[in-house]
Amino acid sequence: MTFARLLDLAHPHRTALALMVLLTLLEAAAVLLVPALGGWMAGEVLTATGSFLGPVACLLLVLTLLALLRTTSGIISGRTSARVLAHLRTKVHDHLQCLPLSFHQRHSQGDLLALSTYEISRLGDFLAVTLAALPAQLLTAIGAVVLMSRIDAALAVAVPILVPVFYLGLKMLGRHLRRIAQEHQKAEAAIVAAASEDLAMLSAIKSFTRESETARRFAERVTVSRNLLIKETDIYAILGPVTSLLAGIGAVALLASGGGSLQSGEISPSAMVSFFLYAALLTRPVAELSHVYGQVQSAKGTLSRLGAILDTATESDPATPHPLGRMRGQITFENVTFCYPGRDPVLRGLSLSLRPGETLALTGPNGAGKSTLVSLLLRLEVPECGTIRLDGVDIRTVALQDLRRQIAWVPQRPLLFDGSIRENIAFGRAGATDTEIERAARLAQAHDFIGDLPHGYDTEIGEHGVRLSGGQGQRIVLARAILKDPAILILDEATSMYDLNGETAFVAAAAAAFRDRTVILITHRPATLALADRIVVLERGQVVAPRTAA
Ligand SMILES: Nc1ncnc2c1ncn2[C@@H]1O[C@H](COP(=O)(O)OP(=O)(O)OP(=O)(O)O)[C@@H](O)[C@H]1O
């Protein structure tokens, strides 16, 4: 399963990976020639025939070929690695974007961040560098063993005994290493989660003077990760040299046993030198293969977490979606019941209708289910039972993007990104002109404060709009929604941070902003309630007191 996932991820890069494998195999074949040529050259020198120009020339040729192959494979490996990483990152990012909000509410952001950055980068290297070079490592190791056994047949008996022992040792160590690697990846995720939360909470941390507790909590997580990393690197540091040493000892023992053959003349000096060089050559792939074993364990963990995410169903459209043109804005909730996992129902058989062009104020106690109602209308959540219709069309039968294009939603917390004010407003509609952006900003009562900023609409507002006040952020987000020019506008406490003048001005301008659309105002504020044609009170998931505004 894990292997199938790996093949799937490698598929778009198969040509480059195959080329890498081919080049490294050629490189391994060239490397295997070096001991033979070395032995030949040594033989010529030791027998003092003086005719060692032939082997020297061959050796130089092979070394030049090796340098060329290594340069080419180095370039291809670097490029493939960068491409694999970019592909994995965008694949995971795009998939995360398409997963329902309920998935994100169940998973830690830190875990997802660690997976899509640090873990994926390790996996990319594993795929494009380590695995691509694996066939060449095997060829070098097997080639060296075969060529050594041709020189001294005793090796042909020793190898089948040594290999399973070596493999079993690696397997035992590998299990231990996998557990440590998994714990380390979890610890890294916890660090990312704490770092991003601490930065998001910074003003609260400062005002409640919780710096030392925050630092202690962070240091604890760092210590856990540090200790696991030390364990991991210790094992890697021991594994390589120890396997080299074992392979070396084996080779030297065989070499020593070959000493007799040299004296008895069964083996020539040049064959003896070649044998020794093959033995030295063998230690490198053996040590690297042991390293690969550890990396395989770590990659398995990443692949299984990645698989769990990539196998989670994304938001989907019906097979033949009902086409939607510009809607009139009639909304009907029919007997809708919904509950979050493990919670009591938030909405209980709720029925509610809005006429096209109507402005409805939705009010009621905190936690009554008002925002949840909006999530259901946007199909961010799906009701357990009941039907929601737009202009009489069941929203389950339409394509998600078609549905969401009809609706502009201003959530309780302004969602702003690191960019200019212009970019943040233009996020509402691709291709909007500066005039349209300015008109939306005027309706949202944002134009005047924007004009007072040093760079006006080009002012950079920082991550999450940190360089704006709460009320200014709300005005930008409201302008964005107005710019979208939707059939349905939903304002969820969208003016809660407006100052009195701003709110009064918005109420005065609201007729223009609300013209020709259905509006849902979720609010407790009397000034905003006064904008509504009708006020509906939601309590414990049900409509309790609909009444007409005076
Ligand atoms: N993702 C979630 N998982 C579990 N429960 C949730 C989730 N989101 C909201 N709830 C719960 O659902 C209930 C309704 O929440 P909702 O946000 O719809 O209320 P609301 O009427 O908009 O409240 P407020 O006036 O405070 O904005 C609350 O009890 C809340 O705790």
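Residues numbered from 1 in each chain as written. Predicted model: local features only at pLDDT ≥ 70, side-chain atom pairs only at ≥ 80, totals over all residues.

## Focus: the overall build of the protein chain
Logical step 1: In terms of regular secondary structure, the protein chain is built from 17 helices and 11 strands.
Logical step 2: On C-alpha atoms alone, the protein chain measures out to a radius of gyration of 34 Å, which is more than a quarter above the 24 Å that the 2.2 N^0.38 rule sets for 550 residues.
Logical step 3: Principal-axis analysis of the C-alpha atoms places the extent of the protein chain at approximately 115 × 55 × 50 Å.
Logical step 4: The buried share of the protein chain, reckoned over its 550 residues, is 34%.
Logical step 5: Pairs at least 24 residues apart make up 80% of the contacts formed inside the protein chain by residues separated by at least 6 positions. (Helix = DSSP H or I, 4+ residues; strand = E, 2+ residues; numbered from the N terminus. Rg over C-alpha atoms; globule rule 2.2 N^0.38 Å. Buried ≥ 20, exposed ≤ 12 C-beta atoms within 10 Å, placed from the backbone. Contact = placed C-beta atoms within 7 Å.)

## A short note on the nonpolar core
Logical step 1: The biggest cluster of nonpolar side chains holds 64 residues, and the ones touching the most others in it are Ile-425, Ala-440, Ala-479, Ile-482, Ile-490 and Leu-521.
Logical step 2: The element best represented in this core is helix α15 (residues 470-484), accounting for 7 residues.
Logical step 3: Apart from the residues lying within four places of it in its own chain, the contact partners of Ile-482 are Ala-440, Leu-443, Ala-444 and Ala-513.
Logical step 4: In terms of nonpolar packing, the next biggest core, distinct from the first, is built from 49 residues, Leu-9, Phe-126, Tyr-278 and Leu-282 among them. (Core = buried A, V, L, I, M, F, W, Y, C linked by C-beta atoms within 7 Å.)

## Details of the pairing of strand β9 (residues 534-539)
Logical step 1: Where strand β3 (residues 359-363) meets β9, 4 bridges bridge the pair, whose relative direction is parallel. Pairing of Leu-362 across the sheet is with Val-536, part of β9.
Logical step 2: Two strands pair when backbone bridges link them, and β9 and strand β10 (residues 542-543) are joined in this way by 2 bridges, in the antiparallel orientation. Directly across from Glu-539, in β10, lies its bridge partner Gln-542.
Logical step 3: Between β9 and β10, which pair antiparallel one after the other, the connecting turn spans 2 residues, and Arg-540 there sits at a positive phi close to 45°. (Pairing = 2+ DSSP bridges.)

## Examining the environment of Pro-454
Logical step 1: When you line up the elements, Pro-454 lands in the loop between α14 (447-452) and α15.
Logical step 2: Pro-454 sits in the exposed class, given 6 other C-beta atoms within 10 Å.
Logical step 3: Linking Pro-454 and Gln-406, residues 48 residues apart in sequence, is a C-alpha distance of 35 Å.

## Concerning the packing of helix α13 (residues 434-443) against α15
Logical step 1: Packing of α13 against α15 leaves a shortest axis separation of 8 Å and a crossing angle of 125°. In terms of axis orientation, α13 runs oblique to α15. Considering how the two elements wind past one another, α13 and α15 form a crossing that is right-handed. Where α13 abuts α15, its residues Glu-436, Ile-437, Ala-440, Ala-441 and Leu-443 lie against Ala-479, Ile-482 and Leu-483.
Logical step 2: A per-class count over the contact of α13 with α15 returns 7 nonpolar, no polar and 1 charged. (Axes fitted to C-alpha atoms, helices over the stretch in contact; angles between N-to-C directions. Parallel < 35°, antiparallel > 145°, perpendicular 65-115°, else oblique. Left-handed = near helix turned anticlockwise from the far one by under 90°. Nonpolar A, V, L, I, M, F, W, Y, C, P; charged D, E, K, R; others polar.)

## Remarks on the confidence of the model for the protein chain
Logical step 1: Across the protein chain, the average pLDDT comes to 84, with 91% of residues at or above 70.
Logical step 2: Reported confidence for the predicted complex is 0.96 by ipTM and 0.74 by pTM. (pLDDT = per-residue confidence, 0-100.)

## Description of the site of the ligand
Logical step 1: Inspection of the region around the ligand gives Gln-105, Tyr-340, Arg-343, Val-346, Asn-366, Gly-367, Ala-368, Gly-369, Lys-370, Ser-371 and Thr-372 as its neighbouring residues.
Logical step 2: Looking at which element gives the most residues to the shell around the ligand, the answer is helix α10 (residues 370-377), with 3 residues.
Logical step 3: When its residues are assigned to classes, the shell around the ligand shows 3 nonpolar, 6 polar and 2 charged. (Near = placed C-beta within 6 Å.)

## As for the domain arrangement of the protein chain
Logical step 1: Per the domain assignment, the segments of the protein chain are domain 1 (3-152 + 267-311) and domain 2 (331-544).
Logical step 2: Placing the centre of domain 1 and that of domain 2 at their C-alpha centroids yields a distance of 54 Å. (Domains from an automatic or database assignment.)

## Notes on α13
An α-helical turn contains 3.6 residues, so a residue and the one three or four places further along point in the same direction.
Logical step 1: Among the residues of α13, those classed as buried are Ile-437, Glu-438, Ala-440, Ala-441 and Leu-443.
Logical step 2: The secondary structure elements touched by the buried residues of α13 are α12 (421-426), α14, α15 and α16 (500-514).
Logical step 3: Following α13 by one or two positions, Gln-445 adopts a phi angle in the positive range, close to 60°.

## Describing the sheet that holds strand β4 (residues 385-390)
Logical step 1: Taken together, the 4 strands give an open sheet; going across it, the order is β2-β1-β4-β5, and neighbouring strands pair in antiparallel fashion. Whereas interior strands pair on both sides, the edge strands pair on one side only; in this sheet they are β2 (347-354) and β5 (393-394).
Logical step 2: Note that strand β1 (residues 331-338) and β4 share 5 bridges and pair antiparallel. For Thr-332, the partnering residue across the bridge sits in β4 and is Arg-389.
Logical step 3: Each of β1, β2 and β4 touches α10; the most contacted strand, β1, lies at about 110° to it.

## Details of unusual backbone geometry
Logical step 1: Non-glycine residue Asp-391 carries a positive phi angle of around 50°.
Logical step 2: Among the secondary structure elements, Asp-391 is positioned in the loop between β4 and β5.
Logical step 3: The backbone phi angle of His-464 is positive, close to 55°, even though this residue is not glycine.

## Some words on the UniProt feature "transmembrane region" (unreviewed entry) in the protein chain
Logical step 1: The UniProt feature table records "transmembrane region" (unreviewed entry) at residues 46-69, 126-147, 153-170 and 235-255.
Logical step 2: Secondary structure across residues 126-147 comprises 100% helix and 0% strand; the distance between its end C-alpha atoms is 30 Å. (UniProt positions renumbered as here; feature names shortened; annotations may be inferred.)

## A short note on the pairing of strand β6 (residues 407-410)
Logical step 1: What you see with β6 is no split at all: Ile-407 and Trp-409 on one side and Ala-408 and Val-410 on the other are buried throughout.
Logical step 2: When β6 meets strand β7 (residues 488-492), the two strands line up parallel, connected through 4 bridges. When the sheet's bridge partners are listed, Ile-407 is paired in β7 with Ile-488.

## Details of the environment of Leu-6
Logical step 1: By the element assignment, Leu-6 lies in helix α1 (residues 2-10).
Logical step 2: Each C-alpha atom of the pair Leu-6 and Leu-199 lies 35 Å from the other, and the pair is 193 residues apart in sequence.
Logical step 3: Ignoring any residue separated from it by four or fewer positions in sequence, one finds Leu-6 in contact with Leu-127 and Leu-303.

## Quick look at the packing of helix α3 (residues 53-98) against helix α5 (residues 109-151)
Logical step 1: Contact geometry of α3 with α5 gives a least axis separation of 9 Å together with a crossing angle of 145°. Of the two elements, α3 crosses α5, and the hand of that crossing is right-handed. Two secondary-structure elements touch here, α3 through Ser-77, Thr-80, Ser-81, Val-84, Leu-85, Leu-88, Arg-89, Val-92, His-93 and Leu-96 and α5 through Leu-112, Ser-116, Ile-120, Ser-121, Leu-123, Gly-124, Asp-125, Leu-127, Ala-128, Val-129 and Ala-132.
Logical step 2: Class assignment of the residues belonging to the contact of α3 with α5 gives a composition of 12 nonpolar, 7 polar and 2 charged.

## Here we look at α5
Logical step 1: With 43 residues, α5 should cover 63 Å at 1.5 Å per step; its first-to-last C-alpha distance of 59 Å lies within 8% of that length.
Logical step 2: Within α5, the axis deviates most sharply at Ile-120, by approximately 40°. (Expected span 1.5 Å × (residues − 1). Bend = angle between axes of the 7 residues up to and from the residue.)

## Things to note about the environment of Gly-43
Logical step 1: Residue placement: Gly-43 occurs in helix α2 (residues 14-46).
Logical step 2: When near neighbours in sequence (up to four residues on either side) are disregarded, Gly-43 contacts Ser-268, Pro-269 and Ser-270.

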